[in-house]
Amino acid sequence: MILVGAAADIPVGESVRVQGSVAIAVFNADGTFYAIDDTCTHQDASLSDGWLEDCAVECPLHAACFDLRTGKPSGPPARKPVRTHEVVIVDGQVFVRETIEVGADADADVAGVLGEGVR
């Protein structure tokens, strides 16, 4: 899991960027935390620099909007969704569990994180 930081340090309506296998944007939408890939699928713009409204973020470059819950764009110019990631809060700390890419060896990834064989 990727440590993002203290939940109290990410105000409502704000976002932070962390590094996983790719950059990930973590948003505080009215007290609920969401994580998506940070790069817009239309062009290389940082979604963490975009505008948050309810559960959607608007890309700062060409105004494509993405649903933070599903990663799906609401319409053009973006056509492809961004990956979503699980957010876990433990003792007031925000963590992101990065989604495994399609086609990746899920058992090997989990074993590597846990440091043991998958049963």
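The preceding data block contains the structure.
Reading the values: the criteria
- Counting from 1, residues in each chain are numbered in the order their sequence is written.
- Whole-chain, interface and lining totals are the exception, using all residues; otherwise, since this is a predicted model, local features are given only for residues with pLDDT of at least 70 and side-chain atom pairs are given and counted only at 80 or more.
- Note: side-chain values were computed over all heavy atoms of the structure, leaving out hydrogens and water.
- The definition of a nonpolar core used throughout is a set of buried Ala, Val, Leu, Ile, Met, Phe, Trp, Tyr and Cys residues joined through side-chain atoms within 4.5 Å.
- Only protein chains enter the calculation, and the probe is 1.4 Å; a residue is then buried if its accessible area is under 20% of its type maximum, exposed if over 50%, and partly exposed in between.
- Only runs of H or I of at least four residues qualify as helices and only runs of E of at least two qualify as strands under DSSP, and these elements are numbered from the N terminus.
- Note on contacts: a residue pair qualifies if any of its non-hydrogen atoms lie within 4.5 Å across the two residues.
- At least two bridges found by DSSP between two strands is the condition for calling them paired.

(A) Quick peek at the nonpolar core. Counting 16 residues, the largest nonpolar core has Ile-36, Cys-40, Leu-47, Val-57, Phe-66 and Leu-68 as the members making the most contacts within it. When residues of this core are traced back to their parent elements, those giving at least two are strand 3 (23–29) and strand 4 (32–37). Here this core gets three residues from one element, more than from any other, and that element is strand 3. Those residues in contact with Ile-36 that lie beyond four places of it in its chain are Ile-24, Ala-25, Phe-27, Leu-47, Val-57, Leu-68, Val-82, Arg-83, Thr-84 and His-85. Counting residues in each nonpolar core, the second largest holds eleven residues, with Ile-2, Ile-10, Ile-24 and Phe-33 among its members.

(B) The pairing of strand 3, seen in detail. Among the seven residues in strand 3, seven count as buried, and that is most of the element. Judged by which residues are buried, strand 3 turns out to be covered on both faces: Ala-23, Ala-25, Phe-27 and Ala-29 on one side and Ile-24, Val-26 and Asn-28 on the other are all buried. Relative to strand 3, strand 2 (residues 15–19) runs antiparallel, the two being bridged by five bridges. Within strand 3, the residue paired with Ser-15 across the bridge is Phe-27. Connecting strand 2 to the antiparallel partner strand 3 that follows it, the hairpin turn spans three residues. In the sheet, strand 3 pairs with strand 4 via six bridges, with the strands oriented antiparallel. Its bridge partner lying in strand 4, Val-26 is registered against Ala-35.

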